[in-house]
Amino acid sequence: MSIKSLIRTIPDYPKKGIMFRDITTLFEDPYGLSEVIDSFAAEFQDKKIDMIAGIEARGFVIGPAVAVALGIGFVTIRKQGKLPAETVGVEYELEYGTDVIEIHKDAVKPGSRVLIMDDLIATGGTALAAIDLVEKIGAEVAGCAFIIDLPDLGGAQKIRDRGIEEFHLVEFEGD
């Protein structure tokens, strides 16, 4: 079975007109989950990655498994106020308003090469903020990796336009 076939689509969730791509069905399948981890590890094994940074919350599921496969560490990028030690934050635009994501100030050594991971790239707002955040603490963004790209929404292209490698496993047209 392909990775794409294991992702459930739920129409009109969370609101009318949205086709929600549900990866819980992919995670429930041990062969599908293994294929995801193995595919990411194979893509990045020779790219001198020092650390993986996972975006809350689904980046916390795939990121640590890929980090273990690559023999490197994992750090979290979380919503404001969720990390216990001193943090650095970046504000970014939402459809209606703004939000802030944070990382521990000492999570990554300056100059480290960091791979940012999440389950899905849509408009790119959170991923671009994560790039800014990793750069703000003095690390280099080695790339961004996602299970799903929604190319019609343009987020992956915005990452590539910044000169950063973007990698995804599957695409779904539309939103």
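Residues numbered from 1 in each chain as written. Predicted model: local features only at pLDDT ≥ 70, side-chain atom pairs only at ≥ 80, totals over all residues. Heavy atoms only, no water.

As annotated in an unreviewed UniProt entry, the protein carries the name Adenine phosphoribosyltransferase and is attributed to Thalassospira tepidiphila MCCC 1A03514. Under the heading Pathway (unreviewed entry), UniProt records this for the protein: "Purine metabolism; AMP biosynthesis via salvage pathway; AMP from adenine: step 1/1." Looking at the Function (unreviewed entry) heading of the UniProt record, one finds this comment for the protein: "Catalyzes a salvage reaction resulting in the formation of AMP, that is energically less costly than de novo synthesis." (UniProt positions renumbered as here; feature names shortened; annotations may be inferred.)

A separate point is the sheet that holds strand 5 (residues 87–94). With respect to topology, seven strands assemble into an open sheet ordered 5-6-4-3-7-8-9, the strand pairing being mixed. On the outer flanks of this sheet lie strand 5 and strand 9 (166–171), each paired with one strand and no other. For this sheet the average axis-to-axis angle between neighbouring strands, irrespective of direction, equals 20°. With five bridges joining them, strand 3 (residues 51–55) and strand 4 (residues 73–79) adopt parallel strand pairing. By the bridge assignment, Met-51 is partnered in strand 4 with Gly-73. Helix 2 (residues 30–44) rests against strand 7 (113–121), strand 8 (140–149) and strand 9 of the sheet, and its axis sits at about 150° to strand 9. (Pairing = 2+ DSSP bridges. Helix = DSSP H or I, 4+ residues; strand = E, 2+ residues; numbered from the N terminus. Axes fitted to C-alpha atoms, helices over the stretch in contact; angles between N-to-C directions. Contact = heavy atoms within 4.5 Å.)

Judged by nonpolar contacts, the single largest core of 30 residues is most densely connected at Ile-77, Val-108, Ile-116, Ile-131, Cys-144 and Ile-159. Of all elements in the fold, only strand 3, strand 4, strand 5, strand 6 (97–104), strand 7, helix 4 (125–136), strand 8 and helix 5 (155–161) reach the threshold of two or more residues within this core. Tallying contributions element by element places helix 4 first for this core, with seven residues. Val-108 has contacts with Met-51, Val-75, Val-114, Ile-137 and Ala-139, leaving out every residue within four places of it along the chain. (Core = buried A, V, L, I, M, F, W, Y, C linked by side-chain atoms within 4.5 Å. Buried < 20%, exposed > 50% of the residue type's maximum accessible area, 1.4 Å probe, protein only.)

The α-helix winds at 3.6 residues per turn, so residues separated by three or four positions along the chain end up facing the same way. Between its terminal C-alpha atoms helix 3 (residues 59–70) stretches 16 Å, which fits the 16 Å expected from twelve residues at 1.5 Å a residue. Along helix 3, the residues that are buried comprise Gly-59, Ile-62, Gly-63, Val-66, Ala-67 and Leu-70. Within helix 3, the buried residues cover an arc of 135° as seen down the axis, which keeps them to one side. Taken together, the buried residues of helix 3 touch helix 1 (24–28), helix 2, strand 3, strand 4, strand 7 and strand 8. Backbone geometry just after helix 3 places Gly-71 at a positive phi near 70°. (Expected span 1.5 Å × (residues − 1). Arc of directions from axis to C-beta.)

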